[in-house]
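Residue-level structural notes
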Amino acid sequence: MSSLYRKSLWVFHLNTGSCNGCDIEVLNAFTPAQDAERFGVKLVGSPRHADAIALTGPITREALPRVIRALQAVPEPKIVVAIGSCACGGGIWHDSYSVLGGVEKLYEILEKKGIKRPITVFVPGCPPKPEAILYGILLARGMVKQKQKGRIYVESESAELMISKDLIESVKEQVMSSKISRKQVEKITSIVR
């Protein structure tokens, strides 16, 4: 990916139903104060001229056809930069009747239509700072290395039981060393369980 966009990366900004908080921050990232153009990143007015799409907002039912059309207009290889909590996962509207969700829901629909999933960079926040947006775009461009890797940790039930038993034993020991009645110990133990 880094060798593809060494010289420049042209970005098309696409609002899919956001509150405009992220849009203001995207535009702020391209002002002279942040100066994204020093990194060769430029906003363009048409998806046909773009290498990447800066997607803000949750994917709404009304915006879905336009989003698909814009994604199809961007030439391959394309990059999607999902900016903000809404674009990453649906945000506070994730369970609304008019919202499909974040880009992952969009990709499920695209795969059903036979459209290949583009390279995606997630920039979470509500709204994310312009520095975070620039970092995400530079990460897509290959100019910086990723600081954190996403990890999912699922705790097993047996670990929960071990923790609970250890906790119960420690509570019993602490309570027994103090002057509390046996009834109160049993009451505390039942609450912990």
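A brief report on the enclosed structure follows. (Residues numbered from 1 in each chain as written. Predicted model: local features only at pLDDT ≥ 70, side-chain atom pairs only at ≥ 80, totals over all residues. Heavy atoms only, no water.)

1. With respect to the packing of helix 1 (residues 21-29) against helix 5 (residues 130-141)
Direction vectors running N to C along helix 1 and helix 5 enclose 70°, while the axes themselves pass 8 Å from each other. Classed by the angle they form, the pair helix 1 and helix 5 counts as roughly perpendicular. Facing helix 1, whose interface residues are E25, V26, N28 and A29, helix 5 presents P130, I133 and L134. In the contact of helix 1 with helix 5, the residues fall into five nonpolar, one polar and one charged. (Axes fitted to C-alpha atoms, helices over the stretch in contact; angles between N-to-C directions. Helix = DSSP H or I, 4+ residues; strand = E, 2+ residues; numbered from the N terminus. Parallel < 35°, antiparallel > 145°, perpendicular 65-115°, else oblique. Contact = heavy atoms within 4.5 Å. Nonpolar A, V, L, I, M, F, W, Y, C, P; charged D, E, K, R; others polar.)

2. Brief notes about the pairing of strand 1 (residues 9-15)
Relative to strand 2 (residues 41-44), strand 1 runs parallel, the two sharing four bridges. Each bridged residue has a counterpart across the sheet, and for L9 the counterpart in strand 2 is V41. This β-α-β element, strand 1 to helix 1 to strand 2, shows right-handed connectivity. Bridging between strand 1 and strand 3 (residues 52-56) involves five bridges; their strand directions are parallel. Its bridge partner being in strand 3, V11 is matched across the sheet by A52. (Pairing = 2+ DSSP bridges. Right-handed = clockwise from strand over helix to strand, strands pointing away.)

3. Details of the nonpolar core
Core analysis: the largest hydrophobic core is formed by 24 residues, its most contacted members being I53, L55 and L106. Contributing elements (two or more residues each) for this core: strand 1, strand 3, helix 2 (64-73), strand 5 (79-83), helix 3 (85-89) and helix 4 (103-112). A per-element tally of this core places helix 2 first, with five residues. Beyond its immediate sequence surroundings of up to four residues, L55 is in contact with L14, T16, V67, V80, V81, A82, I83, A87 and V103. (Core = buried A, V, L, I, M, F, W, Y, C linked by side-chain atoms within 4.5 Å. Buried < 20%, exposed > 50% of the residue type's maximum accessible area, 1.4 Å probe, protein only.)

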